[in-house]
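# Breakdown of the fold
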Amino acid sequence: MQLLLLAVLLVSSCQVQAKAVFAHFMLGNSDNYTKANWEQDISAAKEAHIDAFAINTGFGLSIHRMLTDAFAAADELDFKLFLSLDYSGDGHWPQDQVIDYLKDFTKLPAYFKTDDNKPLVSTFEGDQAVGDWKNIKDKVDCFFIPEWSALRPEKAISYEQVDGLMSWTAWPNGTDPMTTETDKEYLDALNGKPYIMPVSPWFYTNLVRYHKNWVWQGDDLWYTRWQQVLELEPEYVEILTWNDYGESHYIGPIHQSGLAVFDYGQAPFDYAKDMPHDGWRSFLPYVIDLYKNGGKDADIKDEGLVSWYRVNPASACSSGKTTGNTETQAQQTMEPQEVLQDKVFFSALLESSADISVTIDGKARAAGWTDRPDGGKGIYHGSIPINNQTGAIVVTLTRDNELLAEIDGHPITSDCVKNMTNWNAWVGNATSTGPKPSSPSGSSEQDSSSNRLVLSGILPVAVGKTEISSFTILIDKAEIISYYCAYFSVSMSGSLEAFTRPSAFFVRHASRTSTNTRIPPIARRSASPIPSRMAVLSRDKLERETAAKNPDLRRCLGHQRLLRRSIEAAQEDMRKAMASFKLEDSDDEDEILGDDYDYSPSPMIREQITRAVKAMVKRRATSQVHETNNANSTPQLMRVSSNNESSRDLSSRQHNAYYRAPSVTTGRRKHTTKFAFTRLLWSSSGQSLQAMAS
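Let me sum up the structure you'll find in this document. On a predicted model such as this, the values are computed, not experimentally measured, just so you know.

We now examine helix α3 (residues 63-76). The terminal C-alpha atoms of α3 lie 20 Å apart, and with 14 residues this matches the ideal 20 Å at 1.5 Å per residue to within 8%. On its buried side, α3 packs onto α2 (35-47), β2 (52-57), β3 (80-86) and α4 (95-105). Looking one or two residues past α3, Asp-78 carries a phi angle of roughly 55°, positive in sign.

And the structure:
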């Protein structure tokens, strides 16, 4: 019984170890590689937990040298490679050359071997050479898994020399969702034999020489396809590709020496320039480990964020005659914007749930997760539509009001190279700088440096103890949110005095000033009560959020945005009200006012009238006469202070202060409203003059 149990465990162990992930590597794009280039790529692949490169190569005179360099670099770095013989393009491989190359390279330590210690060999197409492989396998004992998509899986696996199959169906047809229907057809036909399941993030090609100019669906594909891998658990997975820049599905680093494809392929422009895809590797260690563990669990070394999108909206420029789908695959073509969506896509690898937010050109957009992992740990995914917006893209990940990661992405722009839309994707990523959620067995003590951060784009801020203007500030995550919330409040009032409370991180202020909680008067009242009330309500909520112990940056942004819009609405109401005023000359006051005139002033200017009347009464009640013996001097006008005690005897002077002023007609009432007030100005010679205030 114990032996039986041990045998079962060994078989299970072998099945788990048999799983492997490969990346399709285009040898033709490494023609000018140096040893350093190989080391960079191999190190990046190992870091992503990729097990081997499937070296795609057609037959050529120079490839032996290139393969020798590749295997030498792989051997030094303990990495594996295997051959994927390309039978397309310049023609199929001669049988004798296949045998020679396999004999030369399959014996090397860096060549990938199956659990049966057989060297793995694959192809791209080449079903026309199916007859060659019986003799090839007689000469070289290898494990043969071709990609013969031109044949039905049942037909392809019927050949005895075939040990397994690979599919190239990594992209859906047109706007159809990506499914596992084709994968299941292969699995059913293979009946337990190994299957290499393809996974790809994108597809766009425009190479005139090869008559290639189409897109296939990308968008959510990188997330969706890995979920399907976890569902099906195939023997092998192959990523399409590591460095095929001409088809835009590269996940490896961009090497300038590898971009010659755009020249000899006669591309209209280099659509891989400044379009990195490295971010798509960020979560591979986790998802590959999860796949190899049967989907049970995997460690998260670092939480992080990845985002991707196209930098040109579909309608911004010419399509470049690119189609969605291609007739070369017997597909119905359509417009590329029907296949690819104008969206910002984002995924996050998290120990537990977190919040996502996106701003486009500084404008906050509502964002959230459309897919969440069971149990809370794993990869979260979502997207938002661009809605024809252009400008800088910032994707932010927070948890409990603490910044985890932020991507300051490539701007979306309508400025296109040669006025042609680039259908390739820009990919960015960021690793979390915040602490992971605490676990019961973990230490509650956190490195203080993990709470430090740098934010930019609103005010210049630095980490540590930094002098900014007249303030010395100590910045950490909790304090910086409070700082920015307060800044939003200040920005609406136009003064630093608008801070509602001393912020916890302002250690010293150069000059002590009293708190001034004013906001622009237009925000407190307007011709229409609704915008002003909304402004006051938003202001109060913003101030309360600023004063909170743990302010929420997203809520601050929301309140500030509503406050700004309410103020703008109130200002617009006031402009409309002021525009409705007009001056009207009339000498007949009774005719203007009429018998049914309502003498109560308009609510809009009642407060201004009250202030003017009070000021007039004060000034009339207190003034002083200064006489001079020089009667011939020119009268000098002066203002008389209402605080001058010696002038109060002048309050008994009587003056005919009436002055007929132009009438003012408002569009809000039927009759005109007329107000006139006089102020006394005294000359040094004792003459009294009159001035009107209205």
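Let us look at the pattern of salt bridges. Pairing of side chains with opposite charge becomes possible as their charged atoms draw close. All told, the structure shown has 16 salt bridges when counted by the stated rule. One salt bridge in this structure joins Asp-51 and Lys-292, with 2.9 Å as the shortest N-O distance. Placement of Asp-51 in the loop between α2 and β2 and of Lys-292 in helix α10 (residues 284-292) is noted, with a sequence separation of 241 residues between them. On the basis of relative accessibility, which here comes to 22%, the residue Asp-51 falls in the partly exposed class. The partner of Asp-141 in a salt bridge is Lys-118, and the shortest N-O contact between them spans 3.8 Å. Placement of Asp-141 in the loop between α5 (132-139) and β5 (143-145) and of Lys-118 in the loop between α4 and β4 (120-124) is noted, with a sequence separation of 23 residues between them.

In this section: the sheet that holds strand β14 (residues 355-360). Pairing between sheet strands relies on hydrogen bonds along the backbone, with the strands arranged either parallel or antiparallel. Spatial ordering of the open sheet is given by β15-β14-β17-β18, a layout of four strands whose pairing is antiparallel. Strands with a single pairing partner mark the edges of an open sheet, and in this sheet they are β15 (363-365) and β18 (402-412). Taken over all neighbouring pairs, the strand axes of this sheet differ in orientation by 25° on average, direction set aside. Strand direction decides the pairing type here: strand β17 (residues 391-399) and β18, joined by eight bridges, are antiparallel. Pairing of Ile-393 across the sheet is with Gly-409, part of β18.

Attention now goes to the pairing of β14. Sheet topology places β14 next to β17; six bridges connect them, and they run antiparallel. Its bridge partner being in β17, Ile-356 is matched across the sheet by Leu-397. Examined bridge by bridge, β14 and β15 share three bridges and lie antiparallel to one another. By the bridge assignment, Thr-359 is partnered in β15 with Ala-364. If you look at the hairpin formed by β14 and β15, you'll find two residues sitting between the two strands, and Asp-361 has a positive phi there, around 55°.

Moving on: the packing of α4 against α5. Between α4 and α5, whose axes approach to 10 Å, the crossing angle comes to 30°. Regarding the angle of α4 to α5, the classification is roughly parallel. For the crossing formed where α4 meets α5, the hand is right-handed. When α4 is examined against α5, the residues Gln-95, Val-98, Ile-99, Leu-102 and Lys-103 are found in contact with a partner set consisting of Asp-132, Trp-133, Asn-135, Ile-136 and Lys-139.

Within the secondary structure, Ser-30 is located in the loop between β1 (20-26) and α2. With a relative accessible area of 2%, Ser-30 lands in the buried category. Considered as a pair, Ser-30 and Gly-258 are 228 residues apart in the sequence and their alpha carbons are 5.7 Å apart. The contact partners of Ser-30, leaving out residues within four places of it in the chain, are Phe-25, Trp-38 and Met-66. A polar contact is formed between the side chain of Ser-30 and the backbone oxygen of Leu-27, at a distance of 2.7 Å.

How each quantity is defined
- Residues numbered from 1 in each chain as written.
- Predicted model: local features only at pLDDT ≥ 70, side-chain atom pairs only at ≥ 80, totals over all residues.
- Heavy atoms only, no water.
- Helix = DSSP H or I, 4+ residues; strand = E, 2+ residues; numbered from the N terminus.
- Expected span 1.5 Å × (residues − 1).
- Contact = heavy atoms within 4.5 Å.
- Salt bridge = Lys/Arg side-chain N within 4 Å of Asp/Glu carboxyl O.
- Buried < 20%, exposed > 50% of the residue type's maximum accessible area, 1.4 Å probe, protein only.
- Pairing = 2+ DSSP bridges.
- Axes fitted to C-alpha atoms, helices over the stretch in contact; angles between N-to-C directions.
- Parallel < 35°, antiparallel > 145°, perpendicular 65-115°, else oblique.
- Left-handed = near helix turned anticlockwise from the far one by under 90°.
- Polar contact = N/O pair within 3.5 Å; in protein donor to acceptor, adjacent residues only side chain to side chain.

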